[in-house]
Structures are given as C-alpha cells and as structure tokens.
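# What the coordinates show
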Amino acid sequence: MKELLRDNIANLVPYSCARNDFKGEASVYLDANENWQEFVKGEGRNRYPDPLCTALRKKIELVMGLGFEHTVIGNGSDEIIDNLIRMFCTPRKDKVLLMPPTYGAYRVFCDINDVKVVAVPLTAEFGIDFPSLKEYLAKEKSNRDEGSCKLLFICSPNNPSGNAFSLPEIQEVASLFEGITVIDEAYFDFNRYPSAVTLLEKNPNMVVLRTLSKSWALANARIGILVASLELCQVMRSMKYPYNISGPAQELAIQDLDDISAVRKGTAEILKERPVMASALKTVACVKKVYPSDANFFLVKVSDANALYQYLKGKGIIVRNRTKELNCENCLRITIGSALENKTLLQALKEWDNE
Ligand SMILES: *Cc1c(COP(=O)(O)O)cnc(C)c1O
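No experiment lies behind these values; they were computed from the predicted model shown.

Take the packing of helix α10 (residues 260–282) against helix α12 (residues 339–354) next. Look at α10 against α12: their axes get within 11 Å of each other, and the N-to-C directions meet at 10 degrees. When the axis of α10 is compared with that of α12, the two are roughly parallel. Contacts between α10 and α12 involve E273, M277, A280 and L281 from the former and N342, L345, L346 and L349 from the latter. Classifying every residue of the contact of α10 with α12 by side-chain character gives 6 nonpolar, 1 polar and 1 charged.

What follows deals with helix α3 (residues 54–64). Three or more residues of α3 are buried, namely L56, R57, K59, I60 and M64. Mapping the buried residues of α3 onto a view down its axis gives an arc of 160 degrees, with all of them on the same face. Seen from the buried face of α3, the exposed residues on the opposite side, beyond 90 degrees, are K58 and L62. Those residues of α3 hidden inside the fold are in contact with β1 (71–75), β6 (206–211), β7 (223–227), α8 (230–239) and α9 (247–258). Positive phi shows up at G65, right after α3, with a value of about 70 degrees.

Once that is clear, we can look at α12. The terminal C-alpha atoms of α12 lie 23 Å apart, and with 16 residues this matches the ideal 22 Å at 1.5 Å per residue to within 8%. Residues N342, L345, L346, A348 and L349 constitute the buried set of α12. Projected down its long axis, α12 carries its buried residues within an arc of 160 degrees, all on one side. Exposed and oriented more than 90 degrees from the buried face of α12 are A339, L340 and N354. As for α12, its buried residues are in contact with α10, α11 (305–314) and β11 (331–335).

Glancing now at the sheet that holds strand β3 (residues 116–119). Pairing within the open sheet is mixed, and its 7 strands lie in the order β1-β7-β6-β5-β4-β2-β3. Taken across any chain shown, the strands that pair with only one partner, and hence form the sheet edges, are β1 and β3. Within the sheet, the average angular offset between the axes of one strand and its neighbour, ignoring direction, is 25 degrees. Where strand β5 (residues 180–184) and β6 come together, 4 bridges link them in parallel fashion.

How big an interface is tends to be stated in terms of accessible area lost as the parts join. Each assigned domain of the protein chain is listed with its residue range as follows: domain 1 (7–258) and domain 2 (261–354). On a C-alpha basis, the centroid separation for the pair domain 1 and domain 2 is 29 Å. Taken together, the contact between domain 1 and domain 2 spans 25 residues of the former and 20 residues of the latter. Summed over both partners, the interface of domain 1 with domain 2 buries about 1,700 Å², with 59% contributed by carbon and sulfur atoms. On the domain 1 side of the contact with domain 2, F126, P160 and F190 bury the most area, a combined 36% of that side's loss. Linking domain 1 to domain 2 there are 2 salt bridges. K289 is the salt-bridge partner of E125, the closest N and O atoms lying 3.3 Å from each other. There are 6 residue pairs in polar contact (both at pLDDT 80 or more) connecting domain 1 and domain 2.

Turning our eyes to something else, we now look at the packing of helix α4 (residues 76–88) against α8. It is at 11 Å that the axes of α4 and α8 come closest, and there the two elements cross at 100 degrees. Classed by the angle they form, the pair α4 and α8 counts as roughly perpendicular. For the pair formed by α4 and α8, the contact residues are I80, N83, L84, R86, M87 and F88 on the first element and L232, V235, M236 and M239 on the second.

In this section: the packing of aromatic side chains. By the definition in use, this model includes 6 aromatic pairs. Summarising the aromatic geometry, the rings of Y311 and W352 are spaced 5.0 Å apart at their centres and angled 50 degrees between planes, so their arrangement reads as tilted. Taken as a pair, Y311 in helix α11 and W352 in helix α12 lie far apart in primary sequence, 41 residues in all. Above the plane of the ring of F188 lies R210, whose end atom (NZ or CZ) is 4.0 Å from the centre. Sitting over the face of the ring of F297, R333 holds its NZ or CZ atom 5.6 Å from the ring centroid.

Time to look at the site of the ligand. S77, T211, S213, K214 and R222 are the nearest of the 13 residues found near the ligand. For the ligand, a nitrogen atom lies 2.7 Å from a polar atom in the side chain of D184. Between the ligand and the protein, one listed contact pairs an oxygen atom with a side-chain N or O atom of T211 at 2.7 Å. For the ligand, whose accessible area on its own is 390 Å², the fraction buried by protein is 93%. Top contributing element to the shell around the ligand by residue count: α4, with 3 residues. Considering only residue class, the shell around the ligand consists of 4 nonpolar, 5 polar and 4 charged.

For strand β4 (residues 149–155), the tally of buried residues reaches 7 of 7 residues, placing the bulk of the element in the interior. Bridge count between strand β2 (residues 95–98) and β4: 3 bridges; the pairing is parallel. Bridge pairing in β4 places K95 opposite C149. Bridge analysis of β4 against β5 gives 5 bridges, and the strand direction is parallel. Residue C155 lies in a different strand from β5, and its bridge partner there is D184. Crossover handedness for the path β4 to helix α7 (residues 167–176) to β5: right-handed.

Procedures and definitions
Residues numbered from 1 in each chain as written. Predicted model: local features only at pLDDT ≥ 70, side-chain atom pairs only at ≥ 80, totals over all residues. Heavy atoms only, no water. Axes fitted to C-alpha atoms, helices over the stretch in contact; angles between N-to-C directions. Helix = DSSP H or I, 4+ residues; strand = E, 2+ residues; numbered from the N terminus. Parallel < 35°, antiparallel > 145°, perpendicular 65-115°, else oblique. Contact = heavy atoms within 4.5 Å. Nonpolar A, V, L, I, M, F, W, Y, C, P; charged D, E, K, R; others polar. Buried < 20%, exposed > 50% of the residue type's maximum accessible area, 1.4 Å probe, protein only. Arc of directions from axis to C-beta. Expected span 1.5 Å × (residues − 1). Pairing = 2+ DSSP bridges. Domains from an automatic or database assignment. Buried area = accessible area lost by both parts, 1.4 Å probe. Salt bridge = Lys/Arg side-chain N within 4 Å of Asp/Glu carboxyl O. Polar contact = N/O pair within 3.5 Å; in protein donor to acceptor, adjacent residues only side chain to side chain. Phe/Tyr/Trp six-rings, centres within 6.5 Å; stacked < 30°, edge-to-face > 60°. Lys NZ or Arg CZ within 6 Å of the ring centre and 35° of its normal. Near = heavy atom within 4 Å. Areas by Shrake-Rupley, 256 points an atom, 1.4 Å probe, with all protein chains shown as cover. Right-handed = clockwise from strand over helix to strand, strands pointing away.

What follows is the structure, given as structure tokens:
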C-alpha cells in the first residue's frame, strides 16, 4: 500500500488536535480553547467531539462484526471516497478505474480532485466485462510513465442497476488489479452474497465501504465506514478532517446500533416487499423490464422514461431518472418505499397506462 500513496500523504506530518494530544481522564480541560460555559447544560455542546469515534467504533465491532482497529468513520461514505482519491491519486497524473453505469459520486470526486477517470463499462446486463478489464490492465502495465491506475471502484450491489457481484468475481478483479480495489457495500444488508470483508485478510490492498445511510435508516447522521488494513486505516486517520463526525451524529449512530432488532425487522420487511413489488411492476404495460435487484431499489425500463418521470412528478411522486446513464436508456430507478408509497406509485403507473 505504501508505494501506492501520494508522496505528500506518505510524508505527511499530521495535524495533532488537542483531543488526540491528550488521551485519558482529567478534571480541568484548558487545552482546546473551548468555551467553559455550557449554555444548554449537560450535553457537552461546548466540547469538541471524539476525533476517532472510539465509542461508535467499539459498538460497530460488537454489532456489525467490523474490527475496531480496521475501521475509520467518514462523514458519509462520500467523505471516505474523496479521502481515498486524495490519498492515492496525484492530480493530472494518476487515474481511477470505474465500471459504469455506477454510483455518480466516484466520478464527481475524481473531477473535483482533477484526477482522470478510465471507464471499463459493465456489460449490457450489468456484469463485469472481464475480457475488457484484462485488456485495459495489460495495456496500462506496459505504459506506466503516463501515471498509473491507483483505485478501482466496484459497487456491489451496484447503484443504479441493483445487481451484486459474487465474491469470486470480486476476488478476480482484485487479483488482476495492482492498485487499491474499493468495494462499496452501501446496500450490503439487502444483498444475497456475503460481504467482501471476508476477503480483506488475503487482499491487503482491498478496502470495503459500508454506510448507516440505507438499511440502518440513518442517512441524516452521515456515518460512512471504511473497513481496511491497519496500515491504510492509520493513514486515513492522519489525513481526514480531525473532527469529521459531530458528537450528536456519533450519539445517534450508537443509539441506532443499540436497537439491532428494529433494524433487522425493517430490513426483513423491505426484503419481503421486494419480490412483491417486482411482480406488481411487471404487470404494468409501460414497464418493459424490471432488472433483478439485490438492493432496496429497482432499475426499471419503461417505454418513455422522460415522459413518465414528468408525469409521476406531477402526481407528487419522485423517482430517479437514469435514462442518460450508460446502458440505462429509458430507465427509472425506483426505491422500495412503504406499502402505501408503493401502492400510490403502482396506481399512478396504471393510470398512465390507461391514458
Ligand atoms: C447511498 C450510497 C452511499 C451512501 O453514501 P453516504 O455518504 O454514506 O450516505 C454510498 N455508495 C453508494 C453506491 C450509494 O448508493
């Protein structure tokens, strides 16, 4: 991993914030220029939060089985994605490999960081195109002076297509790729395949992303989780914003993780609704195809995505129009909602059929 880091990150002398400098219990804290006055008593609003999310990471180990020393918490997965790009990619030199159609944030963060994107598209049925991947990586290897491919993102289950990749497929990509392979498991709890976390030990240059934004129903708190080698976690801790997760967000996440039975029940409910919704969507005339989903949404091909999107919007129903994404012509991405929301959507689709 060390050889893949950007020089400025490999040589970084990290900022040492007050909360990192002193660890332990004391009775008088005069080290962080905080205000001793607490205008709303008892909540610690006047104090800086724990930069390492210690209590939250212990809870994550206990509940999610992700080892304490192997996690870093980000302000959503988005912060972790951005940090990975900044850790490894020298702007205008190094590259990131994406397999579109996929999560749009990867490309945006590359653009913001002025890092080139190489696309090896998924097949028309959204599988990994191994022949093209091998061809590209072989070409890359023989042409190193143009900067190298440092990161490869696999989103599994993939947004917006909804399908997941099996562990052997993910392992094969990681074996072919000499940079850091990132597995984004934002929708892991809806997936039929086991987690790529089990592959980390054998693959020190693989990292896995999780989030509390989807199955844990905590999008508002902005909690993303990096699972990676001790070494890589240490580097990310040294370069992230020191106080990247607010105290209230850490608290909310701990509360959420304390009630795992509610979350399990909620996930089971969505999983039960998924085939019901798929069958119902297939009975609608304007629906041409419902792609198989391992997530809490469907990619749905319709007769005219732009017109249908506008029609639904007029009825106060907002879906995601993905028609401009590669191989997603006339596709809408539809989240599985509550029973009432799903019914409202299906009714509107049937009305559209009859117009
Ligand atoms: C929703 C989503 C995330 C979650 O992002 P957060 O910043 O953690 O809310 C990450 N990756 C993918 C592919 C997603 O669809």
